[in-house]
Amino acid sequence: MESSWVFNTVIVTVIVICGIGLIGGQRSPLIDSVCQAVQRQQLECQVHRVETADGYRLSLHRIPAPRSPRCPQHLRPFVLMHGLLGSAGDFVSGGRGRSLALELHARCFDVWLGNARGTTHSRGHRTLATSDARFWQFSWHEIGVYDLPAIVDYVLARTNRRQVHYVGHSQGTTVLLVLLSQRPEYNVRFANAALMAPVAFLQHLSSPPLRLLASDSVGVTLLLNKLGLHELLPATALTQVGGQFFCTATRPTYALCTLFTSLYVGFSDYPLDRNILPRILENTPAGISRGQLQHFGQLINSGKFQQYDHRSPRLNTLRYGQATPPSYQLANVRLQLQIFHGNRDALSSQADVQRLVRELRNSNSQMYQVPGYNHIDFLFASSATQMVYERIIQQAWQLDAAALQGS
């Protein structure tokens, strides 16, 4: 336990250092690197504003469908949702030929990119400032229950459609499962969903840093309380420039950047293109709340996919009507699902993904194992277009063609 505590202290100290940009010049203007990446490809990028039922103000990036006679008008829009520490930039950073959002646009789809509360582009609230600890009192549960339905409803209203296609990566899969477990009436608003590196059950997670952090979650919480930290790993002008500087392929520190990344997400059989890491770091990290980290730690320790544990039978009873947090009711999820996981993924293990598929007993799930992929290869590997995205695109085209014939 002592060695674990030392390791946790080091990790959280790194988190503090990464957040120093908040202290000096907290809100230095940040480049909208999402639109910047889209516009590099000579494409239109729009930014829309969405307010959730609990007052958070989100930015939603859009790449409108091409205005071309070759593109049919019946295709339903795509909503893409990022993972922990990510943002809409995850789906455009790789550039043409390897970014999901750009591939979908090239195949005639209207693409909408979500940004969860607290991330770089979604730091507004009706009444709370980000300097207020109350702003950060959320986990990914609230992103699923409030952010995602607000995004989906907005897209459907703006496009005059009844359904969207959905793709989530990592936490982006978690929040969809939360939404449909808690609010099953939303099933009908999705034509289908693709879950890349899904995260629900984490009993067999093998990432050494995350496993160690979870092993002394009480100690980490006490340290965060002592330091008064509520936001972790925010994006600042300093982190945008600094990350790119240290992780450029020509720097001697590049190998440390890739080693650190691999320890967290798994050692891939498809090494990152040496030129892509600086582009990834234009958008990552994008900031999270401590509640998100703690909630994932709870899943690691419990082996269950359950709501947030308030660490008090009294508080849990007040919130849930029982002394322990309830499990999410995955039987409420009723979708056509494509589930992709990599056998080198240190977060989303094969055993945990198989358990998820069994729990999704009322969904029509197709599971694909992608050999050699780690947790982030689904976003950045040069082979992802052929190995993953093409399956997603083909299913969407087939479903939309069938819907047109049936109308």
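In case you missed it, the structure is sitting above this.
**Student:** Sorry if this is basic, but what is going on with the packing of aromatic side chains here?
**Tutor:** Aromatic ring pairs: the centre-centre distance and the angle between the two ring planes describe each pair. Tallied over the full model, the rule gives 17 aromatic pairs. Centre to centre, the rings of Phe135 and Trp136 are 4.8 Å apart; their planes meet at 65 degrees, and the pair counts as edge-to-face. The exposure class assigned to Phe135 is buried, which follows from its relative accessible area of 0%. One aromatic cluster is present, formed by Trp140, Phe201, Phe296, Phe305 and Tyr328 through successive ring pairs. Over the aromatic face of Tyr56 sits the side chain of Arg117, whose NZ or CZ is 3.9 Å from the ring centroid. Taking NZ or CZ as reference, Arg189 lies 4.0 Å from the ring centre of Tyr186, over its face.

**Student:** So what exactly am I meant to see when it comes to the pairing of strand E2 (residues 56–63) here?
**Tutor:** Both faces of the sheet carry side chains from a regular strand, because those side chains alternate between them. Among the eight residues of E2, seven are classified as buried, and the element is accordingly described as predominantly covered. In terms of strand pairing, strand E1 (residues 46–51) meets E2 through six bridges, oriented antiparallel. The residue bridging His48 from the neighbouring strand is Leu60, located in E2. From the end of E1 to the start of E2, which pair antiparallel, there are four residues, and Gly55 there has a positive phi angle of about 95 degrees. Pairing geometry for E2 and strand E5 (residues 124–125), over two bridges, is antiparallel. The residue bridging Arg57 from the neighbouring strand is Gly124, located in E5. Across three bridges, the pairing between E2 and strand E4 (residues 111–113) is antiparallel. Directly across from Arg62, in E4, lies its bridge partner Trp112.

**Student:** In this structure, what is going on with the state of the cysteines? I would like to understand it.
**Tutor:** A covalent bond between the sulfur atoms of two cysteines is what we call a disulfide. Under the counting rule described, the total for this entry stands at three disulfides. In this model Cys71 forms its disulfide with Cys108; the gap between the sulfur atoms is 2.1 Å. Between Cys71 and Cys108 the sulfur-sulfur dihedral comes to about -70 degrees; the bridge is accordingly left-handed. Of this pair, Cys71 sits in the loop between E2 and strand E3 (78–81) while Cys108 is found in the loop between helix H3 (100–106) and E4, placing the two residues 37 residues apart along the sequence. Given the relative accessible area of 5%, Cys71 is considered buried. The class of Cys108 is buried, set by a relative accessible area of 5%. Here the disulfide map of the protein reads 1-2, 3-4, 5-6, the bonded cysteines being numbered as they appear in the sequence.

**Student:** Can you help me understand the environment of Ala157 in this one?
**Tutor:** Within the secondary structure layout, Ala157 lies in helix H4 (residues 140–159). Under the relative-accessibility criterion, Ala157 is labelled exposed at 61%. Spatially, the C-alpha atoms of Ala157 and Gln350 are 38 Å apart, while their sequence positions differ by 193 residues.

**Student:** In this structure, what is going on with the side chain of Glu282? I would like to understand it.
**Tutor:** Residue placement: Glu282 occurs in the loop between helix H10 (277–280) and strand E9 (288–289). Given a relative accessible area of 12%, Glu282 falls into the buried group. Within the structure, the side chain of Glu282 is placed 3.0 Å from the side chain of Arg40, a separation counted as a polar contact.

Scoring rules and cut-offs
- Residues numbered from 1 in each chain as written.
- Predicted model: local features only at pLDDT ≥ 70, side-chain atom pairs only at ≥ 80, totals over all residues.
- Heavy atoms only, no water.
- Phe/Tyr/Trp six-rings, centres within 6.5 Å; stacked < 30°, edge-to-face > 60°.
- Buried < 20%, exposed > 50% of the residue type's maximum accessible area, 1.4 Å probe, protein only.
- Lys NZ or Arg CZ within 6 Å of the ring centre and 35° of its normal.
- Helix = DSSP H or I, 4+ residues; strand = E, 2+ residues; numbered from the N terminus.
- Pairing = 2+ DSSP bridges.
- Disulfide = S-S within 2.5 Å.
- Polar contact = N/O pair within 3.5 Å; in protein donor to acceptor, adjacent residues only side chain to side chain.

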